[in-house]
Amino acid sequence: MDAVEYCPRCDTENSRDATVCRACGSALRSGTMVMAVAHVSSRPQVSIRVVRADGGPESLVRMQRDTLTCGQQADIALNDDPFIMPVQARFFFSGARLAIEDVGGANGVFVRLRNERELPAGGELRLGRQRLVLEPIPAAALGPGGTQVWGSPDPGYRLRLIQLLEGGLRGAAYPLKDGDNLLGREQGDIAFPTDGFVSGRHALLQVRGDRLMVRDVGSSNGTFIRLAGPTFVDNGDHFLIGRQLLRVEIQPVVA
């Protein structure tokens, strides 16, 4: 079987030597997506709506140039959020399509899930006030004949979520069983009863061997995955940067 690579945006299977996804066009390699030149008249009109975390009035910023940056000292100034770098994210055109990349690192940039997506080892989720990173769990050591060397029997967990606290400290660990794992506030295999931003039933995590698929199940505030590289943006996409929610509005060019 030929080597394959799965798209970080839509999970479509691609050949290993592909550089962009054959289904959605997202970059399959980390690094900076090429800013391909396209005639300005062929580009859509782009506006970024900033939804304030404190419930204050929204602001709308029109993209006037080839790029638009977001951060404490950027085109879209998010200067009241200590979790955001001076320049955290960059919107730019790759040909006639809009793309985004995280240029600040640190706490990252997260995209809201529209469809089921794979979360790779080391990938991060955000739901409500929770920030969770996926880690593999090594199989228990076995002695001759497959007997347990030490400790209790291996329950078969191969993946776990680690809660990340402010300052990067590690919090609780949540092993994930094979099959479905429901996350929520009021019910689920993993519950966050004190987080009012998590819905009663929020997200479904399905373990398939050593792969984890994530799907939002109709939550109010959404389930977000951290960007691992540049990716194309569609109309209505939502991004979390620090505590700020950005909604992208794209109006196609009328011929």
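Please read all numbers here as calculations on a predicted model, not as lab measurements.

The rules behind each value
Residues numbered from 1 in each chain as written. Predicted model: local features only at pLDDT ≥ 70, side-chain atom pairs only at ≥ 80, totals over all residues. Heavy atoms only, no water. Helix = DSSP H or I, 4+ residues; strand = E, 2+ residues; numbered from the N terminus. Salt bridge = Lys/Arg side-chain N within 4 Å of Asp/Glu carboxyl O. Buried < 20%, exposed > 50% of the residue type's maximum accessible area, 1.4 Å probe, protein only.

Notes on the environment of F92
Right, on to step 1. Tracing the sequence through the fold places F92 in strand β7 (residues 89-94).
Right, on to step 2. Residues F92 and P230, 138 residues apart in the sequence, show an inter-C-alpha distance of 9.9 Å.

Observations concerning the pattern of salt bridges
Two side chains with opposite charge may pair up if their charged atoms get near one another.
Right, on to step 1. Inspection of every chain in the model, using the stated rule, returns 17 salt bridges.
Right, on to step 2. The salt bridge involving K177 is made with D189; its shortest N-O contact spans 2.9 Å. With K177 in the loop between β14 (170-176) and β15 (179-184) and D189 in the loop between β15 and β16 (190-191), the pair connects residues that are 12 residues apart, well separated along the chain.
Right, on to step 3. Relative accessible area serves as the criterion here: at 32%, K177 is assigned to the partly exposed category.
Right, on to step 4. In this structure D189 comes out as partly exposed when scored by relative accessible area, which is 47%.
Right, on to step 5. In this structure, E249 engages R247 in a salt bridge whose closest nitrogen and oxygen atoms are separated by 3.7 Å.
Right, on to step 6. Connected through shared salt-bridge partners, R49, E58, R247 and E249 make up one network.

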